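Remarks on the overall topology
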Amino acid sequence: MKIFITGCWGARYLDWTQFGGKESYMEWTMAPSAMAVAAEIVISELTQNGHEAYWVGGCIRDELLGRPVHDMDITTSALPEEVIAIFARSVPTGLAHGTVTVIQDGCAFEVTTYRTESGYVDHRRPEHVFFVNDVKEDLRRRDFTINAICCGLNGELIDPFEGEKDLQLQVIRCVGDAEERFDEDALRMLRCIRFASVLDFSIAKNTWRGLMRQRDKLAHIAVERVRAELDRIVEGPHPLRGLGMLARCELLARGKAPFPWTGTDMAAAAALTAGVGELESARLRWALLLHALKQSAQEADVLLRAWTFSGTTRSGVVQVLRVREAWTAAIEALPPGTGGREGLRRQWIAAVLAFGVEAAEGWLSLLAILPAVAPTLPAAASSAFSVVESTEASTTPAAVNVQAAREWIAQMPLTSLSELEITGNELVGALDKRPGPWLGKMLNGLLQAVASGDLPNDKQLLLLEAKRMDRHER
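1. Digging into empty space enclosed by the protein
It is the rolling of a water-molecule-sized probe over the atoms that shows where space remains empty. All chains considered together, the criterion is met by one cavity of 30 Å³ or more. As for the largest cavity, its lining consists of L218, I221, V223, V226, L252, G255, K256, A257 and W307. Residue composition of the lining of the largest cavity, grouped by class: seven nonpolar, one polar and one charged.

Structure representation (C-alpha cells):
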C-alpha cells in the first residue's frame, strides 16, 4: 500500500510494496538503502517479540522534507533489558535513559524505551526518568513538534502535536508550553534557532516568546555544547537567518563564554556578513564574522580559545585575519603618487610567505564578497591598482584589489622555505658560522628575494647572495 503524505514541499509518498500477501517494508527515498533495510529488521524483531516500535524524530522529519536522512532513531515499548535480550549485538549506551545501541548489518541504531522525564538538573539533564507504555507520552517530552512524529511498519504517522502541519507551515514550535521546554533544557533555545536557520523556517510566536523569557538560562549550558550548535548555524545553508535571530534575541550574551557584542553591534555588522552564505569554508565564515565585528587577529585568537574551537579552526581563522591586517597596513602605508604598486606587491608577497597561501587566498575570498561595503581606497592605493587591467564587468577597487593580489600569488616561483634551493646547514657550512638568529633572518631574506622575482632559485646564486648579505651585515 502507499501512504499519501502532503506538505508544502509537494505531495510525497511513504512507499510500501506487497510481498507474499503481507505488507513489506517502507521504501525510504532519502535514506541509504542498507541503513533503511537494517532499521526495518530491528523494528520487525521488536514487533515480532510482542513490543511496539517506531522510527521517530529527525529521520521522519527529513524524509517528509525531502532532506537526506543520515541516521535513524527507534522508539519502543520494550524495556532496555528486553532489547538487549532480543539482539545479540547490542551496547548499553544509556541504560539510565532507556537507550540501547543495536548493531544490525553494520548499522548502529539508538533504540530507546518510551519514557517521561522530570526534575531537570542545571536546566539540561533530567534527574528522573520513568518508562511508560504509551508512545504519545514519549512524544510529549520532545522539544519541537517537527521532531515529535513517529512512523511504524504499517505506514501510519503518529503525530499528536501536528508536527507534519508545522512542516507544511515551515514553522518551529515547541511541544506544549515553550517556557517549560526551554526551562527543562536551555540548550533547546539554540536548537530552536538552529532548526529555523538550517531549514529556513520561522519560529512560532509563543515559542519565540518563551525563548526570550528563558534566555538567561543559557548560562547553565557548557560552552562546548553552545559552540557546537553555533557551528551548525554558521556552517548551515542559511547562516544569515540564524545570525539575525541571534542578534535579535541576544541569546549568546547570556552564555558562559565571552561575547563582547550587543545586538546593536551584530546588526551593524550585518552589511559586511551579507555574503557569508557564499563562502563554502567554515573557517572563512568565522573569519568574516570576526572581521565584521571588528576583531583583531589577537582578539579573535583569545575569543576562539574561550569558545573551545579546535586548534586547527582557530589557527586557520586567525591567520586569515593576520593577512587582513598585513594587507590593510600595506594599503595605508602607500606613498602618494603612482609609484606604490611595486611596494604593495612586495608587502603582499611578504604576507603570503609569513601566513601562507591558504590564509592569503582566504582573505581574498572575503575581500571579493565585500566590494559594495568596502571602504574607499586611499588615493595612493587607487593609483597603485589603476594600471591593473580587468576583464571583469565590475572594476570596483575591491574587485581590482583581489585580481591583482591573486595575480601576484600566481607569479610567485615559490611560497615556502622548503622550496628554497639552499638549506640552513648549507649556509652554516659555506659561511663558516655558528647557527644563530642570523640564519633565520638570512633564509627569510633569500626567500623574499626569490618570491619577489629578484633572484633565481638557484643554489649557487643563492649562496653568492648569502655571502653578500653576510658581508653587508659585518
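2. Comments concerning the nonpolar core
Counting 130 residues, the largest nonpolar core has M72, W348 and L446 as its most contacted members. The contact partners of L446, leaving out residues within four places of it in the chain, are L420, I422, L427, L455, L462, E465, A466 and M469. One finds V56, V135, L139 and F161 within the second-largest nonpolar core, a separate group that totals 11 residues.

3. Some details on the pattern of salt bridges
The tally for this structure, following the rule as stated, stands at 30 salt bridges. Among the ionic pairs, D301 bridges to R305, the shortest N-O distance being 3.2 Å. On the criterion of helical spacing, the pair formed by D301 and R305 is a turn pair, its members being four residues apart in helix α13 (residues 297-306). Residues joined in a network through salt bridges with shared partners are R115, E117, D138, R141 and R142.

4. Points about helix α12 (residues 282-292)
With 10 of 11 residues buried, α12 is to be regarded as a mostly interior element. Those residues of α12 not exposed but buried are R283, L284, R285, W286, A287, L288, L289, L290, H291 and A292. Measuring from the side-chain oxygen of the N-cap residue of α12 to the backbone nitrogen of R283 gives 3.1 Å; that N-cap residue is S281. Once α12 ends, the next one or two residues include K294, with phi positive near 65 degrees.

5. A few points about the packing of aromatic side chains
Inspection of every chain in the model, using the stated rule, returns six aromatic pairs. Taking 5.9 Å as the distance between ring centres and 80 degrees as the angle between the ring planes, the aromatic pair formed by F144 and F195 counts as edge-to-face. Here F144 is found in the loop between α4 (135-140) and β12 (150-151), whereas its partner F195 is found in helix α7 (residues 187-199), with 51 residues between them in sequence. With centroids separated by 6.5 Å and ring planes inclined at 70 degrees, the aromatic side chains of F259 and W307 adopt a geometry described as edge-to-face. Placement of F259 in the loop between α10 (239-249) and α11 (263-268) and of W307 in the loop between α13 and α14 (311-332) is noted, with a sequence separation of 48 residues between them. Put simply, the rings of F259, W261 and W307 pair up and form one aromatic cluster. The ring of F195 has R194 lying over it, and the distance from NZ or CZ to the ring centre is 4.6 Å. Stacked on the ring of W438, the Lys or Arg K433 has its end atom at 4.4 Å from the ring centre.

6. Brief notes about the sheet that holds strand β13 (residues 157-158)
Strand order in this open sheet of seven strands is β7-β8-β9-β6-β5-β12-β13, and the pairing throughout is mixed. Sheet topology places β7 (90-94) and β13 at the edges, where each strand pairs with a single neighbour. Here helix α1 (residues 33-48) sits on the sheet in contact with β5 (53-56), β6 (73-76), β8 (99-104) and β9 (107-113), set at roughly 35 degrees to β9. Across the sheet, helix α2 (residues 58-65) is in contact with β5, β6, β12 and β13; its angle to β5 comes to roughly 60 degrees.

Cut-offs used in this document
Residues numbered from 1 in each chain as written. Predicted model: local features only at pLDDT ≥ 70, side-chain atom pairs only at ≥ 80, totals over all residues. Heavy atoms only, no water. 1 Å grid on protein atoms, 1.4 Å probe; cavity = no way out; pocket = protein on both sides within 12 Å on 5 of 7 lines; lining within 4 Å. Points joined across faces, edges and corners; volume = space filled by probe spheres on them. Nonpolar A, V, L, I, M, F, W, Y, C, P; charged D, E, K, R; others polar. Core = buried A, V, L, I, M, F, W, Y, C linked by side-chain atoms within 4.5 Å. Buried < 20%, exposed > 50% of the residue type's maximum accessible area, 1.4 Å probe, protein only. Contact = heavy atoms within 4.5 Å. Salt bridge = Lys/Arg side-chain N within 4 Å of Asp/Glu carboxyl O. Helix = DSSP H or I, 4+ residues; strand = E, 2+ residues; numbered from the N terminus. Polar contact = N/O pair within 3.5 Å; in protein donor to acceptor, adjacent residues only side chain to side chain. Phe/Tyr/Trp six-rings, centres within 6.5 Å; stacked < 30°, edge-to-face > 60°. Lys NZ or Arg CZ within 6 Å of the ring centre and 35° of its normal. Pairing = 2+ DSSP bridges. Axes fitted to C-alpha atoms, helices over the stretch in contact; angles between N-to-C directions.

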